[in-house]
Amino acid sequence: MRENAAGNLSWLAHKVNSGEIDTVLVGFPDHYGRLMGKRFEAEYFLEEVAQHGTHGCDYLLTTDMEMEPVQGYRFANWELGYGDFHLVPDLATLRPASWLEKSALVLCDLEDERTHRLIEVAPRTLLKRQLERARALGYTVMAASELEYYLYRVSYRQAQQQGYAGLEPAGYYLEDYHLLQGTREEPFTRTVRQHLKASGIPVENSKGEWGLGQHEVNVRYAEALEMADRHAIFKQCLKEVADSMGLSVTFMAKPHHGQAGSSCHIHLSLWKDGQNAFAGEEEYGPVRGSRVFGQFLAGWIAHTPDFMPFYAPTVNSYKRYEDGSWAPTRLAWSYDNRTAGFRVVGRGASLRIECRIGGADLNPYLALTAALASGLDGLEQGLTPPAIFQGDIYQARHLPRVPYTLGEAAEQFAASAFAKATLGEAAHEHYTHFFRSEWQAYNRAVTDWERKRYYERI
């Protein structure tokens with residue numbers, strides 16, 4: 001994110017006049033966290049779109065992964081005729097998209113065409129509502145999302161033609177922290193690090209992960225809305241750079257049985273008056289933190305079941321939750337313990353909560369919405385966190401477990417009075433239908449596993 005809206009427009013005008021930028025991508029995140037939108041001639045963007053916005057079909061918040069409009073939504077449907085909503089550029093997000101030729105990118109909020117109110121079911125709106133709650137309590141929310149992914153030496157087109165089977169990973173042995181194996185992937189990884197940095201997304205580091213061809217690029221933490229925007233642009237950048245190099249990356253939570261899943265660890269802390277509000281002297285086992293820290297942690301843990309589909313939104317998400325797999329399966333917290341769903345790290349000004357439950361397939365706007373809604377309720381209700389757990393949480397069978405399937409998680413979300421009260425009835429109904437529709441689509445599908453198992457031998 002650059003300094004301010006006016007400064008960003010001046011920057012863009014200079015780049016357009018010098019011929020360095022001729023295209024502006026105008027986008028917004030959909031349910032899945034994918035960026036949808038249009039490309040504009042840069043001069044037209046400066047003359048019209050920057051001030052007046054543009055339009056998009058409201059069916060884009062009712063589609064499935066295949067872009068088919070799903071029926072059953074009140075927000076948009078055939079009876080209502082699938083009209084438009086208004087895309088309003090958030091000019092503070094305007095930045096170069098350096099991996100694309102002569103291009104800039106800006107993210108938008110969605111407004112109703114008639115009332116000009118924010119669309120209440122839009123993912124970016126949901127997060128902004130929770131940030132307003134935090135600000136009303138005097139807090140700024142700082143966050144980071146650590147995204148893991150798998151890199152393959154085949155293009156997306158080739159992967160599709162192969163039925164996504166037999167894909168050659170970029171690495172051929174487990175490469176966690178392994179510099180030699182990471183060097184083999186460096187032509188891609190260095191390229192994306194440099195493009196992210198040039199596009200206003202500062203990078204800390206990159207490293208190999210535990211799977212074959214699995215890697216991680218860590219982006220610096222930021223205010224929560226900026227972090228969600230960085231996350232969405234990060235994925236767009238990596239996919240498009242891979243595509244341009246004849247490679248492919250996947251952010252599936254569990255692309256392969258028997259290998260590590262890909263996570264999205266969310267780090268979060270509240271700040272007030274330039275200081276970390278989690279810092280303090282109250283004792284939580286070996287952790288020293290404030291009452292704000294304890295109450296926020298308590299709320300986040302307590303309401304995880306209410307919002308589980310916001311952390312694990314796909315059918316594939318739940319195949320990541322295997323004991324002994326580096327993915328958490330139990331709802332507990334600990335200090336610097338990677339078997340815990342909630343891992344507390346840092347001390348004093350760096351104290352923060354790391355939620356390890358989310359997969360790389362999550363929508364960052366929804367996940368941060370869930371985290372804030374849960375933690376802020378802990379503050380408002382004065383909740384006390386459970387006792388710290390020490391040891392191997394995979395063996396703690398008495399602790400509550402994450403759901404086994406998206407279907408189970410969707411029904412918990414649907415039945416949650418807390419989720420309904422937090423999101424509002426319309427948004428809660430909208431996302432209940434979204435997650436149920438995804439689960440139903442899976443249940444109707446006939447898989448390769450079924451054919452291999454039953455075709456001859458049943």
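A brief structural summary. (Residues numbered from 1 in each chain as written. Predicted model: local features only at pLDDT ≥ 70, side-chain atom pairs only at ≥ 80, totals over all residues. Heavy atoms only, no water.)

### Re the side chain of Asn-276
- Residue placement: Asn-276 occurs in strand S13 (residues 275–276).
- Separated by 2.9 Å, the side chain of Asn-276 and the backbone nitrogen of Phe-278 make a polar contact.
- Side-chain polar atoms of Asn-276 contact the backbone oxygen of Leu-351, separated by 2.8 Å.
- Excluding residues that lie within four positions of it along the chain, Asn-276 makes contacts with Ser-269, Leu-270, Trp-271, Gly-348, Ala-349, Ser-350 and Leu-351. (Helix = DSSP H or I, 4+ residues; strand = E, 2+ residues; numbered from the N terminus. Polar contact = N/O pair within 3.5 Å; in protein donor to acceptor, adjacent residues only side chain to side chain. Contact = heavy atoms within 4.5 Å.)

### Digging into the layout of surface pockets
- What the second largest pocket holds in volume is close to 810 Å³.
- What lines the second largest pocket is a set of 41 residues, among which Glu-146, His-265, His-267, Arg-343 and Glu-354 lie closest to the centre.
- Among the secondary structure elements, those contributing two or more residues to the lining of the second largest pocket are strand S7 (140–152), strand S8 (203–208), strand S9 (214–219), strand S12 (264–272), strand S17 (342–345) and strand S18 (352–355).
- For the lining of the second largest pocket, the class distribution of residues is 15 nonpolar, 12 polar and 14 charged. (1 Å grid on protein atoms, 1.4 Å probe; cavity = no way out; pocket = protein on both sides within 12 Å on 5 of 7 lines; lining within 4 Å. Points joined across faces, edges and corners; volume = space filled by probe spheres on them. Nonpolar A, V, L, I, M, F, W, Y, C, P; charged D, E, K, R; others polar.)

### Observations concerning helix H2 (residues 42–52)
- By the burial criterion, the buried members of H2 are Ala-42, Phe-45, Val-49 and Ala-50. Viewed end-on, H2 has its buried residues packed into an arc of 100°, placing them on one side of the element. In H2, the exposed positions angled more than 90 degrees off the buried face are occupied by Glu-47 and His-52.
- Considering only its buried residues, H2 is in contact with helix H1 (5–17), strand S1 (23–29), strand S2 (35–41), strand S3 (54–57), strand S4 (84–89) and strand S6 (103–112). (Buried < 20%, exposed > 50% of the residue type's maximum accessible area, 1.4 Å probe, protein only. Arc of directions from axis to C-beta.)

### A short note on the pattern of salt bridges
- Overall, the coordinates contain 23 salt bridges when judged by the stated rule.
- In this structure, the salt-bridge partner of Lys-15 is Glu-20, at a minimum N-O distance of 3.2 Å.
- You can call Glu-20 partly exposed: its relative accessible area is 40%.
- Residue Glu-282 is joined to Arg-291 by a salt bridge in which the shortest nitrogen-to-oxygen separation is 3.3 Å.
- Under the relative-accessibility criterion, Glu-282 is labelled partly exposed at 33%. (Salt bridge = Lys/Arg side-chain N within 4 Å of Asp/Glu carboxyl O.)

### Quick look at the pairing of S6
- Taken across its 10 residues, S6 has nine buried, putting it largely inside the fold.
- The sheet contact formed by S4 and S6 spans five bridges and is antiparallel. When the bridges of S6 are listed, Phe-85 appears paired with Asp-112.
- Looking at chain direction, strand S5 (residues 95–96) and S6 are connected through two bridges and run antiparallel. If you follow Pro-96 over to S6, its bridge partner there is Ala-104.
- Hairpin geometry of S5 and S6 is characterised by an intervening segment of six residues between the two adjacent antiparallel strands and by a positive phi of about 50° at Lys-102. (Pairing = 2+ DSSP bridges.)

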